[in-house]
Amino acid sequence: MDLASLHALEIRILRVYENNASAEQSDAQLQKGAGIGEGQVRRAVEWLISKHLLEVTGENTRATVSLTEVGRDFATKGATPETALLTRASAERVGIQDLQADARFDRGAWGSAFGGLKKDGIIDLDKGAVVIVDADRASFFIDRLMPEFFDKFSDTGIEIDNFPGDVVQYIEANARKRGGGRAPVRLDERTERVYCLTEEGRRVLVEVVKANLTGDEVSRLTPEMIQKGTWQGASFRRYDLSIKPPRVLIGKHHPYRAYLDNVRRRLMALGFEELKGSLVETEFWNMDALFMPQFHAARNIHDAYYITEPTQSRAAEEPHFSRVAEAHQNGGDTGSRGWRYEFNPEQSRRLILRSQGTALSARALASEPNIPGKYFALARCFRPDDVDATHAADFFQAEGIVLGEEINFRSLLGLLKLFALEIAQAEDVRYVPDYFPFTEPSVELQAKHPVLGWIELGGAGLFRPELTRPLGVDVPVIAWGLGVDRMAMVALGINDIRDLFSTDLDLVRNTR
């Protein structure tokens, strides 16, 4: 091999093996030994592997658990809402209103804890009081959760293998919660590889050491070096005229902008009409009209951005307001019992940044839509999530509804598969049962990302009569809200949702 073809980063990686050419080195060891950054190690290693100078001898995937801001707050208070609820219920008769009067947690946190424990069959209501029906599972929260999990954390993460099985189940269940802003724990997986030199790599290393190449050789003679005379003592890289010249960069659309335009064209080609609306929405259209109760955890300040000036809309929107309020209180004419609580019209008028594109679907249903009809929106939404590889504080949602006499749940599954295969360009998709206050049945669409594994693309379902009838629609309506950003990650081969808005020009230019 011509040593002139080796990049300076490759030379630095090879020199890490100088003292023991047959040793195995991990990503972290190579980074420390070469004195270069993580990204530089990754690039140099791939170059050396492609030249058959380095080979992978092992991989180790580590799952690390850490506390979010919410989890650290629980650790400081010495209790989670579930722990506090079950502890009080085991000692005295206590109702939901009594719990919500406890200022340790806000109303949304108490409501979420009660709903989750009731759904899991750990508690129930008896004449307005919370009663424990599964003492064994309740004891996990009361006696073991804090000392065996939360009390173990400092500022660093802990490998998941250090926890017992039922604590692992708690971690996995809570780390998967939709809306990272509510989740007390974060679960991160990291794959670290181990490498060794091939026989050819060891031979090249001998030549590199013999030629006294260090990776610090100068590859470009600058005017400053000539002026100061520093070129005289410098070691220069030899020019290799066989290396391909730099590619010519031409103008192109931003890959994510082009992807959004393509999604819009495809949906319109399928006969869908596009919906548009304001980014600022009322709680009425964003939540009430979707049959989300006013005590729902999604109305927590940690799960929506509230407008400070003005704080409320001017007036309630009739006639839909009264019919929606009645559906919440007693079901109205829908055949349901509703949520059975006193509807608060002032809360309904509060202004927020739109947290879900389904608000546009609700407005469409209330505007005498075509029957049969197909509608979609590429809605920009906002939620105060913890930003990570699959979550962002603002995101685009592909929202859509189809309504008509012949529409059913099978129609929805067919559309979801079409979207996943054609728009997300996913090779593997699956449906997972889910729950939303406004759909029944409900389903979550997942696609397999080549690096991140199975990721949620969004939720879907058949709108409940408590939603459609107060808005004047009496035919079946299927609906979905898919995360366009995550679909773009699969389609564009991106491993981090933040890269969709990256300022790295090389990344933008090389994304297909």
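Everything below is about the structure shown above.
Attention in this report is confined to the structure presented alongside it. Not measured: the values here are computed from a predicted model. Every chain is numbered on its own, with residues counted from 1 as its sequence reads. Reporting of local features is limited, given that this is a predicted model, to residues whose pLDDT is at least 70; pairs of side-chain atoms are given and counted only at 80 or more, and all residues count toward the totals for whole chains, interfaces and linings. Excluding hydrogens and water, the side-chain figures rest on all heavy atoms present in the structure.

### A short note on the overall build of the protein chain
Only DSSP runs of H or I covering at least 4 residues are called helices, and only runs of E covering at least 2 are called strands; the numbering of each starts at the N terminus. For the protein chain, the count of helices and strands is 20 helices and 15 strands. With the C-alpha coordinates of the protein chain rotated into their principal frame, the extents come out at 90 × 60 × 45 Å. Residues count as neighbours in contact if any of their non-hydrogen atoms are within 4.5 Å of one another. Counting only contacts in the protein chain whose residues sit at least 6 apart along the sequence, the fraction spanning at least 24 positions is 70%. Only four residue types enter the charge count: Lys and Arg as positive, Asp and Glu as negative, with His and the chain ends excluded. A charge is said to be at NZ when it belongs to Lys, at CZ for Arg, at CG for Asp and at CD for Glu. Positive and negative side-chain charges of the protein chain, numbering 63 and 75 respectively, have mean locations separated by a distance of 4 Å.

### Quick look at the packing of aromatic side chains
The geometry of two aromatic rings is summed up by the distance between their centres and the angle between their planes. Two aromatic rings, drawn from Phe, Tyr or Trp (for Trp, its six-membered ring), form a pair once their centres lie within 6.5 Å of each other, and the interplanar angle then sorts them: stacked below 30 degrees, edge-to-face above 60, tilted otherwise. Within the structure shown, the criterion is met by 24 aromatic pairs. When the centroid spacing of 5.9 Å and the interplanar angle of 70° are considered together, the rings of Phe149 and Tyr170 count as edge-to-face. With Phe149 in the loop between helix H8 (135–148) and strand E5 (158–159) and Tyr170 in helix H9 (residues 165–175), this residue pair connects regions lying 21 residues apart in the sequence. Over the ring of Phe272 we find Lys374, and its NZ or CZ is 5.3 Å from the ring centre. Lysine and arginine charges are scored as sitting over a ring when NZ or CZ, respectively, is within 6 Å of the ring centre and within 35 degrees of the ring normal. One cation-aromatic arrangement involves Arg430 over Trp454; the distance from NZ or CZ to the ring centre is 4.2 Å.

### A word on the environment of Leu418
The residue Leu418 is located in helix H17 (residues 409–423) in this model. Residue classification places Leu418 among the partly exposed residues on the basis of a relative accessible area of 34%. Beyond its immediate sequence surroundings of up to four residues, Leu418 is in contact with Leu270 and Ile423. Buried, partly exposed and exposed residues are distinguished by accessible area as a fraction of the type maximum, computed with a 1.4 Å probe on protein chains only: under 20%, between the cut-offs, and over 50%, respectively.

### Notes on the sheet that holds strand E7 (residues 273–274)
Adjacent strands of a sheet pair through backbone hydrogen bonds, lying either parallel or antiparallel. Strand pairing is defined by DSSP finding a minimum of two bridges between the two strands. The strand order E7-E10-E11-E15-E14-E13-E12 describes an open sheet built from seven strands, whose pairing is mixed. Each edge of the sheet is formed by a strand with only one pairing partner; in this case those strands are E7 and strand E12 (429–433). Pairing of E7 with strand E10 (residues 373–382) involves two bridges; the strand directions are parallel. The partner of Glu273 across the bridge, within E10, is Tyr375. In this analysis an axis means a line fitted to C-alpha atoms, helices contributing only their contacting stretch, and an angle means the value between N-to-C directions, from 0 to 180 degrees. Each of E7, E10 and strand E11 (394–403) touches helix H12 (residues 255–269); the most contacted strand, E10, lies at about 160° to it. Its contacts with the sheet put helix H16 (residues 358–365) on E10, E11, strand E14 (453–463) and strand E15 (477–483), and the angle it makes with E11 is roughly 30°.

### Thoughts on the packing of helix H5 (residues 81–91) against helix H7 (residues 107–119)
When two helices pack together, their arrangement is given by the angle between their axes and by how far apart the axes lie. H7 packs onto H5 with a crossing angle of 70° between their chain directions and a minimal axis gap of 9 Å. The angle between H5 and H7 places the two elements in the roughly perpendicular class. Of H7, the residues touching H5 (which contributes Pro81, Glu82, Ala84, Leu85 and Leu86) are Ala109, Trp110, Ala113, Phe114 and Leu117. Classification convention: Asp, Glu, Lys, Arg as charged; Ala, Val, Leu, Ile, Met, Phe, Trp, Tyr, Cys, Pro as nonpolar; all other residues, Gly among them, as polar. Each residue belonging to the contact of H5 with H7 can be placed in one class, and the counts come to nine nonpolar, no polar and one charged. Orientation categories follow fixed angle ranges, with anything under 35 degrees roughly parallel, anything over 145 roughly antiparallel, 65 to 115 roughly perpendicular, and all other angles oblique.

### Some words on the nonpolar core
One finds Tyr259, Leu416, Phe419, Leu457, Trp480 and Leu482 to be the most contacted residues of the largest nonpolar core, which totals 38 residues. Counting only elements with at least two residues in this core, the list comes to H12, E10, E11, H17, strand E13 (439–449), E14, E15 and helix H19 (484–492). The greatest single-element share of this core, amounting to seven residues, is contributed by H19. With near-sequence residues (within four places) excluded, Leu416 lies in contact with Tyr431, Val443, Leu445, Ala460, Trp480 and Leu482. Note on terminology: a nonpolar core comprises buried Ala, Val, Leu, Ile, Met, Phe, Trp, Tyr and Cys residues joined through side-chain atoms within 4.5 Å. Tyr341, Ile352, Ala364 and Leu365 belong to the second largest nonpolar core, which has 36 residues in total.

### Regarding the pairing of E15
Taken residue by residue, a regular strand's side chains alternate between the two faces of the sheet. The buried count for E15 comes to seven of seven residues, which makes it a mostly enclosed element. Residues Val477, Ala479, Gly481 and Gly483 of E15 are buried on one face, and the alternating residues Ile478, Trp480 and Leu482, pointing to the opposite face, are buried as well. Note that E11 and E15 share seven bridges and pair antiparallel. Note on E15: the bridge partner recorded for Gln397 is Gly483. Summarising the sheet, E14 and E15 pair through five bridges and their orientation is antiparallel. When the bridges of E15 are listed, Gly459 appears paired with Gly481.

### Some thoughts on the environment of Ala377
Summarising the element assignment, Ala377 is placed in strand E10. Residues Ala377 and Gly400 lie 23 residues apart in sequence; the distance between their C-alpha atoms is 6.3 Å.

### Description of the pairing of E11
Taken across its ten residues, E11 has eight buried, putting it largely inside the fold. In terms of strand pairing, E10 meets E11 through ten bridges, oriented antiparallel. When the sheet's bridge partners are listed, Tyr375 is paired in E11 with Ile401.

Just distances and angles here, no functional claims.
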